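Next come the chains, spelled out residue by residue.
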Amino acid sequence: MAQKPSIPKGTRDFSPIEVAKRSYIINTIKFQFVKFGFQPIETPSFENSDTLMGKYGEEGDRLIFKILNSGDFLAKADKDAYKNEDSLKLTSSISEKALRYDLTVPFARYVVQHQNELEFPFKRYQIQPVWRADRPQKGRFREFFQCDADVVGSDSLWQEVEFVQLYDTVFTALQLEGVTIKINNRKILSGFAEVIGEQDKLIDFTVALDKLDKIGEQGVKDEMLQKGISEEALKKIQPIFGMKGTFNDKIAILHTILETSEIGKKGIEELQFIQKAISEMPLKTAVLDLDVTLARGLNYYTGAIFEVAAPNTVKMGSIGGGGRYDDLTGIFGLKNMSGVGISFGLDRIYLVLEELDLFPTTVSAATKVLVINFGEDEAMYGLKAVQKLREAGIAAELYPDAAKMKKQMNHANKRNIPFVILAGAEEIKAEVYGLKNMVSGNQEKLSLEDLIDTLK
RNA sequence: GUGGUUGUAGCUCAGCUGGUUAGAGUGCCUGAUUGUGGUUCAGGAGGUCGCCGGUUCGAACCCGGUCUUCCACCCCA
């Protein structure tokens, strides 16, 4: 081989142990999704470009992987666009399909397409890979898994309450303690824009505000001024920058800022509803925190906005996010269908669990017992035991070659197989099996029945 | 998409201001030990120095391009 083969930037291979650990996370999440009443669906890895394009903002469009048309795609290409070096226009003429960018938009498409078959409110979960043509960084890949749970067809704030509980339940089950579930509400942000009279600059305003913990108060103000927001406006919302204390303390501050804004007051009400419910049913390990600077997914969120931060001992971007979108299916022609959902970032949760050493040791164990191969007769005798063990639900295997004992024992060690069976002429004659515990080194001779009982 | 950074044995990394045959640890193979592994000891295999080109008498080292890694921005799980 002249050149070592490789995989594309931002993608990864997964070894057996990595797959085992990922499965552990997925199974934990899936188990809780089911307990909360969500049903699984799957959608294609690629969609028609029209379904995805324009749904994630300009930045999002850039990050969508486009699939080149098959066949003689140049024949149908937009010649003018090519001549004018108009990449955007050319792309739409040579690419009709694109890889899934998230699970929410395909879900909206699914709901609209299957609306007559669905029973509402419809609660679905979906665990599948998504692709983004982003530049990779730590915890940021071009192919990664999202684990989404969404409800459509209900305006009820009890859904938001349940999603907070779902986050708490999953991270508790993963033994990842101390995550912060940050919550905000789009109506609060709209209220801010309203009281300063800059409704049309809502996006610029919130994008700048979102950077508070990163660039600081002055940095945020500089960026707002640069976007054309007045000094006077900044004075009105000054209390935002000093927001500290408990959830209720922050609510009190919001009341003073937003007293003239109807939509802002509606946002406060919604936050209080969720807070009250959670205070009556306390979370197990997570903390619910009001963060008015949180401004994600503004292209479609209309109510609650969620983001989950890993324990602050770990340097990692958000490990989950979500929110309420009153009209997501509207873009596909189905009006008045409110949805709310959350997402778990599998790949980032993996990195966090790895860093905090939180994977259970049982995750790595696969085969429980290896039969040492001493030759043809012994292998036959051993394989008979293997068959019985497997019937009893115990993962067992026979070393295929009559290799040196040292090599076979080493093989068991390297694969973390906790037991080996040693059965030679002597054991065959006595109709027993020598079972050796590879950790303690203890060894005993057992009948087939006792062997199965011991390994069960 | 913008700016920076990284790449040497399977893995983790040394390698002087460019100088002859590129090293260590670990892992791997063999033996001490032909039915008892993890320890120890001895021996051995393994590298077009990411790739392509340039400068030079001479390049792992300097220059350009490209791929990759990680980081900051943008954005985001």
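For every chain, the first residue of the written sequence is number 1, and numbering continues from 1 onward in sequence order. Chains carry letters from A onward and ligands carry numbers from 1 onward, assigned in written order. Where local features are concerned, this predicted model is filtered to residues with pLDDT of at least 70; where side-chain atom pairs are given and counted, the filter is 80 or more; whole-chain, interface and lining totals use all residues. The basis for every side-chain value is the complete set of non-hydrogen atoms in the structure, without hydrogens or water.

- As named in an unreviewed UniProt entry, chain A is Histidine--tRNA ligase, taken from Gillisia lutea.
- UniProt positions are given in the numbering used here, feature names are shortened, and annotations may be inferred rather than shown by experiment. In UniProt, chain A has this text filed under Sequence similarities (unreviewed entry): "Belongs to the class-II aminoacyl-tRNA synthetase family."
- Chain A has a UniProt comment under Subunit (unreviewed entry) that states "Homodimer."

Considering the overall build of chain A
Here is step 1 of the chain: What counts as a helix is a DSSP run of H or I of at least four residues, what counts as a strand is a run of E of at least two, and both are numbered from the N terminus. Within chain A, the regular secondary structure consists of 18 helices and 16 strands.
Here is step 2 of the chain: We take the radius of gyration over the C-alpha atoms and set the globule estimate at 2.2 Å times the residue count to the 0.38 power. A compact globule built from 456 residues should have a C-alpha radius of gyration of about 23 Å, whereas chain A, at 28 Å, is more than 25% larger.
Here is step 3 of the chain: Across its three principal directions, the C-alpha atoms of chain A cover 95 × 65 × 45 Å.
Here is step 4 of the chain: The buried label goes to any residue with under 20% of its type's maximum accessible area, the exposed label to any with over 50%, and the partly exposed label to all in between, with areas taken from a 1.4 Å probe on protein chains only. Per-residue burial for chain A yields a buried fraction of 49% across its 456 residues.
Here is step 5 of the chain: By sequence separation, contacts in chain A at least 24 residues apart represent 70% of the contacts at least 6 residues apart. The contact criterion used is simple: two residues touch if any of their non-hydrogen atoms lie within 4.5 Å.

Considerations on the protein's contact with RNA strand B
Here is step 1 of the chain: Close to RNA strand B lie 44 residues, the nearest being Lys138, Arg140, Lys404, Lys414 and Gly424.
Here is step 2 of the chain: Nearness is judged by heavy atoms alone; a residue qualifies as near a molecule or strand once a single heavy atom is within 4 Å of it. For RNA strand B, the backbone portion of the atoms within 4 Å of the protein, that is sugar and phosphate, comes to 42%.
Here is step 3 of the chain: Polar contact criterion, stated in full: a pair of N or O atoms within 3.5 Å, where within protein one must be able to donate a hydrogen and the other to accept it, and residues adjacent in sequence count only if both atoms are side-chain atoms. In this structure, a sugar or linking oxygen belonging to RNA strand B sits 3.3 Å away from a side-chain N or O atom of Asn410.
Here is step 4 of the chain: Within the side chain of Glu427, one N or O atom sits 3.0 Å away from a base nitrogen of RNA strand B.
Here is step 5 of the chain: Those elements that place two or more of their residues in the surface near RNA strand B are α3 (57-63), β6 (143-152), α16 (405-414) and α17 (425-430).
Here is step 6 of the chain: Ranked by residues supplied to the surface near RNA strand B, first place goes to α16 with 7 residues.

With respect to the pattern of salt bridges
Here is step 1 of the chain: The salt bridge definition used is simple: a Lys or Arg side-chain nitrogen within 4 Å of an Asp or Glu carboxyl oxygen. Taken as a whole and assessed by the stated rule, the structure comprises 20 salt bridges.
Here is step 2 of the chain: Across the salt bridge formed by Asp347 and Arg22, the nearest N and O atoms sit 2.9 Å from each other. With Asp347 in helix α14 (residues 346-355) and Arg22 in helix α1 (residues 16-35), this pair connects stretches of sequence that are 325 residues apart. Each member of the pair, Asp347 as well as Arg22, carries the same accessibility label: buried.
Here is step 3 of the chain: The salt bridge involving Lys187 is made with Glu270; its shortest N-O contact spans 2.8 Å. With a gap of 83 residues between them, Lys187 in helix α8 (residues 186-195) and Glu270 in helix α13 (residues 262-280) connect regions that are remote in the sequence.
Here is step 4 of the chain: Via salt bridges that share partners, Arg12, Arg22 and Asp347 belong to a single interconnected network.

A word on the nonpolar core
Here is step 1 of the chain: Residues Ile25, Phe33, Phe171, Phe192, Leu254, Ile319 and Phe344 are the most contacted members of the largest nonpolar core, which totals 94 residues.
Here is step 2 of the chain: Among the elements that take part in this core, helix α7 (residues 158-173) stands out by supplying 7 residues, more than any other.
Here is step 3 of the chain: Setting aside residues no more than four positions away along its own chain, Phe192 makes contact with Phe205, Leu209, Ile237, Ile240, Leu254, Ile257, Leu258 and Val292.
Here is step 4 of the chain: The term nonpolar core refers to a set of buried residues drawn from Ala, Val, Leu, Ile, Met, Phe, Trp, Tyr and Cys, joined through side-chain atoms within 4.5 Å. Formed by 19 residues, the second largest nonpolar core is a distinct cluster that contains Val369, Ile421, Leu446 and Ile452.

Some details on unusual backbone geometry
Here is step 1 of the chain: Put simply, Phe120 and Pro121 share a cis peptide bond, and its omega is 0°.
Here is step 2 of the chain: Phi angles above zero are rare outside glycine, and Asp357 is one such case at about 55°.
Here is step 3 of the chain: Looking at Asp357, the relative accessible area reads 64%, which means it is exposed.
Here is step 4 of the chain: At Asn416, a residue that is not glycine, the phi angle is positive and equals roughly 60°.
Here is step 5 of the chain: For Asn416, the location among the structural elements is in the loop between α16 and β14 (419-422).

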